[in-house]
Amino acid sequence: MTFSRKAAEELNKRYLGLSGAVPGPLFSTIHAFANQVRKDLPGYGQFKVLGDAERSRLIKQIITDMGTDILPSTYDMEATMKLITTEISKFRLSSNKARENFLTIVFRDNDAFFKFYKEYEKMKWEIQSIDYDDMLIFCNNGFKNNPALLARYRAMYSYIMVDEFQDTSDIQYNIIKNLAAPKNNLFICGDDDQSIYGFNNAKPEIMLGFPDAYPGCGVARLSTNYRSDTDIVKAAGNLIHNNTARFEKDIVGKSKEEGHVELIYSKMDELIYQPIIRKVISENEEGVPFYDMAILTRTNKEGKFFALMCQKMNIPYYYAYGEVNLYKGALWNLLRTYLKIAYGDDSWENISFIINKPNRYVKKEYIQNSKNLDELMTAMGEGWKRKRLVDLIKFIH
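Residues numbered from 1 in each chain as written. Predicted model: local features only at pLDDT ≥ 70, side-chain atom pairs only at ≥ 80, totals over all residues. Heavy atoms only, no water.

**Re the overall build of the protein chain**
Defined as follows: Here a helix means four or more residues in a row that DSSP labels H or I, a strand means two or more in a row labelled E, and each is numbered from the N terminus. Whether a residue is buried, partly exposed or exposed follows from its accessible area with a 1.4 Å probe, protein chains only, as a fraction of its type maximum: under 20%, in between, or over 50%, in that order. For the accessible areas, the method is Shrake-Rupley and the probe is 1.4 Å, while residue cover comes only from the protein chains on display. This count recognises Lys and Arg as positive and Asp and Glu as negative, with His and chain-terminal groups excluded. Positions of charges follow a simple convention, taking NZ of Lys, CZ of Arg, CG of Asp or CD of Glu.
Along the backbone of the protein chain there are 19 helices and 6 strands. Overall, the C-alpha framework of the protein chain stretches about 70 × 65 × 50 Å when taken along its three principal axes. Taken over 397 residues, the protein chain has a buried fraction of 31%. Looking at the protein chain as shown, the accessible area adds up to about 25700 Å², and 54% of this sits on carbon and sulfur atoms. Taking the average place of the 53 positive charges on the side chains of the protein chain and the average place of its 51 negative ones, the gap between the two points comes to 5 Å.

**Some thoughts on the pattern of salt bridges**
When the charged atoms of two side chains lie near each other, side chains of opposite charge can form a pair. Our working rule: Salt bridges, as used here, are contacts in which a Lys or Arg side-chain nitrogen is within 4 Å of a carboxyl oxygen on Asp or Glu.
Under the definition given, this model contains 21 salt bridges. For Arg-55, the salt bridge identified is with Asp-133, shortest N-O distance 3.8 Å. One end of the pair, Arg-55, is in helix α3 (residues 52-66); the other, Asp-133, is in helix α7 (residues 132-145), with 78 residues separating them in the sequence. Summarising the burial analysis for this pair, Arg-55 and Asp-133 share the class buried. Ionic pairing is found between Glu-121 and Arg-92, a salt bridge with its closest N-O pair at 2.4 Å. You can see Glu-121 sitting in helix α6 (residues 110-126) and its partner Arg-92 sitting in helix α4 (residues 77-92), a full 29 residues away along the chain. Owing to a relative accessible area of 8%, Arg-92 belongs among the buried residues under this scheme. Several salt bridges share partner residues, and in doing so they unite Arg-55, Arg-92, Glu-121, Lys-124, Asp-131, Asp-133 and Asp-134 into one network.

**Some details on the confidence of the model for the protein chain**
What counts, and what does not: The pLDDT score gives, residue by residue, the confidence of the prediction method on a 0 to 100 scale.
Chain-level pLDDT for the protein chain is 87 on average; 95% of the residues reach the 70-or-more range. Of all the helices and strands in the protein chain, helix α19 (residues 384-396) carries the lowest mean pLDDT, 77, while strand β4 (residues 186-188) carries the highest, 96.

**Observations regarding unusual backbone geometry**
In this structure, the amide linkage connecting Ala-181 to the following residue, Pro-182, adopts the cis form with an omega of 0°. If you trace the backbone, Pro-182 turns up in the loop between α9 (170-180) and β4. If you check the backbone angles, Gln-128 has positive phi at about 50° while not being a glycine. Mapped onto the secondary structure, Gln-128 falls in the loop between α6 and β2 (129-130).

**Describing the nonpolar core**
Generally speaking, a soluble globular protein has its nonpolar side chains buried in company with each other. We apply this condition: Grouping buried Ala, Val, Leu, Ile, Met, Phe, Trp, Tyr and Cys residues that are joined through side-chain atoms within 4.5 Å yields what is termed a nonpolar core. Working rule for contacts: check all heavy atoms of both residues, and any pair within 4.5 Å makes them a contact.
The biggest cluster of nonpolar side chains holds 32 residues, and the ones touching the most others in it are Phe-33, Phe-143, Phe-165 and Leu-186. For this core, the elements supplying multiple residues, two or more each, are α2 (30-39), α7, α8 (147-156), β3 (160-162), α9, β4 and α10 (204-208). Beyond its immediate sequence surroundings of up to four residues, Phe-33 is in contact with Met-1, Leu-26, Ser-28, Cys-139, Phe-143, Tyr-153, Tyr-157, Ile-175 and Leu-179. In this structure, Phe-102, Val-106, Met-123 and Ile-127 belong to the second largest nonpolar core, which totals 20 residues.

**Concerning the side chain of Ser-129**
As a reminder of what qualifies: Definition of a polar contact: a pair of N or O atoms within 3.5 Å, with one able to donate and the other able to accept a hydrogen when the atoms are protein atoms, and with sequence-neighbouring residues admitted only if both atoms are side-chain atoms.
In this structure, Ser-129 sits in strand β2. A distance of 3.2 Å separates a polar side-chain atom of Ser-129 from the backbone oxygen of Ile-127. Ignoring any residue separated from it by four or fewer positions in sequence, one finds Ser-129 in contact with Phe-47, Lys-48, Leu-50 and Lys-124.

**Re helix α14 (residues 300-312)**
Using the following cut-off: Any helix carries an expected span of 1.5 Å times its number of residues minus one. As used here, the arc is the angular range of directions from the helix axis to the C-beta atoms.
Over its 13 residues, α14 extends 19 Å from the first C-alpha to the last, a length consistent with the 18 Å expected when each residue adds 1.5 Å. Among all positions of α14, only Gly-303, Phe-306, Ala-307 and Cys-310 are buried. For α14, the arc enclosing every buried residue in end-on projection is 100°, short of the 170-degree limit, so these residues lie on one face. Structurally, α14 contributes buried residues whose contacts are with α13 (273-285). Taken from the residues just after α14, Asn-314 is the one with a positive phi, measuring 55°.

Structure (structure tokens):
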């Protein structure tokens, strides 16, 4: 069990590459596993899962409809959506005592957040949808309240390994503990120094407390770094030693090279990209091929900025998450269609293409069986979904 789909796929690939490996073990994210359990619960199997984009659209719609106050400082809509989803998770997955100390940093005050949160839960129920937190909640409650279900899953998995354990949250730990008991054949792998998801309810102290929770468990420390040169390993060690709540470890580098660490400071985020691209060009001019260089970024968004700069500077590049072209792909086609409508081409072909972009929860069959907006309005009847369609018509006009 791990915490990203890509990691689960990589683990499965590596396992199948071993001599003598046979299909059978499950390699899964914690959320995918929880969602499978959720589907086995009576009354909840038909609910669909809200993807990140759908969830953001739903949040935006609620904020627009309710006029909920958001602090003026949160002007970046993409960043705001992430903050709101983080606050939803933090509040919902907290204990009752922790909820008493909850304090919003996005909404004007807690009352504004609670108003929004109540509507968010209500809307999810109306459209029979769940988010990623719901997967964990349904699974955790299902294991607690349905002994037969828990017994069935325990019988399926006698040995459990959890990767990236430093990023485990309380509810995830509860699911894992319940699943592993009573045999407790539990193997965890992680590095408490690499826990970076505290904002998303991860608690490295769960890993730190594992030897106390499972007395007598064996501990294997991997102390050799095979990726970085000596000075890089040393610099990282000097920094992380400032943390006091951690497993003490002495990491050494396998490489005999000294390595080189260079810090670049910038007052503005966007200015940080320029010196790095200049460094790439400089290294290339000194004989280093472009294909021997890599830029690692904290988020995909930052990687995209670098890819666009490479385009601009005619530097050959490979971007791990697909082609970066402002004039190709779904987003460009959608923008172009909205522009066509804005300039008077309100054909049914264009209108039907944008009706659920963003999602207005109009059923696909209604759109497919209609030849124009009037027929679609008739098919939909009354209700809040019809109001969104009326708003779209006003927007078009």
